[in-house]
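# Per-entry structural report
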Amino acid sequence: MFADTLKKHRKLWAAVLIGLLAYTGLSCFAGFPIGLGSAIARSHVKQYCREIYPDAEFGSSGYNIVSDSFYTEVFVDGERIDIDISRGSTTVSDQKREDAVFEELGVSEVVSFLHRQLRADHSSIYFHMTWPYKAPDAPITTLRIDCTGGHSSEPLPSETEMKQLLFPIVSRCYEELNPIVDINQIRVSYSHPDLNPEKRGMTWRIMQIDLEDGASWDLDLLMNAEVTTN
């Protein structure tokens, strides 16, 4: 009897099994189970908003698989603000607030200027500000620089050569931005076609440097930075 029932509904059972496997796989990736990660992120956003947007109203929350982050719709005076938290992070990304701070300090103009300057070095600059949801008045700034090598058949540099190549590029950005706003983290990525030929230049060597209180950028920080590959 059971075997007959199973055969009769095998397509249905197969669909249920596939759905369950997909649910489990995505849950493991986005925070198990699906919905729990969004609920936790939403509570963090509400904690952040209690100080920054005390009159905020909240819409839906969810997971963005592209950015690997949880988002919550926040409405302030009828205006929608998307506040994100990357998976596993304790800081929130508030684009509206970041834009306002950067505009006030003149950061956006400096970043645009540096972006144009770095084109000659086949590099791009990004600068972001996030806030711990438990300490919304203590921003964390991250300077990120992506550099691609291998132009004009340049050979793949050693790790030491790569860092020496990157140092003046990072220093130029640091010297322009740090007098305007304190930089807390520097993330540098370097790509070269020969690093992983099968990936066609899409494999990156990544270095992240945390600038402790009072620390200044120098060559030793970069030379001692751990290098990971992504």
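Please refer to the structure placed before this passage.
So, here's what we can say about the structure. (Residues numbered from 1 in each chain as written. Predicted model: local features only at pLDDT ≥ 70, side-chain atom pairs only at ≥ 80, totals over all residues. Heavy atoms only, no water.)

Let's shift gears to the nonpolar core. Core analysis: the largest hydrophobic core is formed by 47 residues, its most contacted members being Tyr48, Tyr53, Ile83, Phe127, Leu143, Leu177 and Ile186. Counting residues per element, this core draws most heavily on helix H6 (residues 159–177), which supplies seven residues. In this structure Phe127 touches Glu98, Phe102, Val107, Val111, Thr141, Thr142, Leu143, Leu177, Val181 and Ile183, once residues within four positions along its chain are discounted. (Core = buried A, V, L, I, M, F, W, Y, C linked by side-chain atoms within 4.5 Å. Buried < 20%, exposed > 50% of the residue type's maximum accessible area, 1.4 Å probe, protein only. Helix = DSSP H or I, 4+ residues; strand = E, 2+ residues; numbered from the N terminus. Contact = heavy atoms within 4.5 Å.)

Before going further, it helps to examine the packing of aromatic side chains. If you walk through the whole model with that rule in mind, you get four aromatic pairs. Between Phe167 and Trp217, the aromatic rings sit 5.8 Å apart at their centres with planes inclined by 20°, giving stacked as the arrangement. Of the two residues, Phe167 is situated in helix H6 and Trp217 in the loop between strand S8 (204–210) and helix H7 (219–223); the sequence distance between them amounts to 50 residues. You can call Phe167 partly exposed: its relative accessible area is 22%. The lysine or arginine in question, Lys46, covers the ring of Phe58, its NZ or CZ lying 5.4 Å from the ring centre. Above the face of the Tyr126 ring, Arg144 is positioned so that its terminal group lies 4.3 Å from the ring centre. (Phe/Tyr/Trp six-rings, centres within 6.5 Å; stacked < 30°, edge-to-face > 60°. Lys NZ or Arg CZ within 6 Å of the ring centre and 35° of its normal.)

The subject of this paragraph is helix H3 (residues 36–52). Here H3 is 17 residues long and its end C-alpha atoms lie 24 Å apart, about the 24 Å a rise of 1.5 Å per residue gives. The set of residues buried in H3 consists of Gly37, Ser38, Ala41, His44, Val45, Tyr48, Cys49 and Ile52. Looking down the long axis of H3, one finds its buried residues gathered within 140° of arc, a one-sided arrangement. Here the buried face of H3 lies against strand S1 (57–64), strand S2 (69–76), strand S3 (79–86), strand S4 (91–94), helix H4 (95–105) and strand S5 (123–132). (Expected span 1.5 Å × (residues − 1). Arc of directions from axis to C-beta.)

Moving on, we come to the sheet that holds S5. The strand order S1-S2-S3-S4-S5-S6-S7-S8-S9 describes an open sheet built from nine strands, whose pairing is mixed. The open sheet has two edge strands, S1 and strand S9 (227–229), and neither has a second partner. Averaged over all pairs of adjacent strands, the angle between their axes in this sheet comes to 30°, without regard to strand direction. The strands that H4 touches are S3, S4 and S5; relative to S5, the one it contacts most, it runs at about 115°. Sheet strands touched by H6: S5, strand S6 (140–148), strand S7 (185–191), S8 and S9. Its angle to S6, the strand with the most contacts, is close to 135°. (Pairing = 2+ DSSP bridges. Axes fitted to C-alpha atoms, helices over the stretch in contact; angles between N-to-C directions.)

In short, geometric facts, not functional conclusions.
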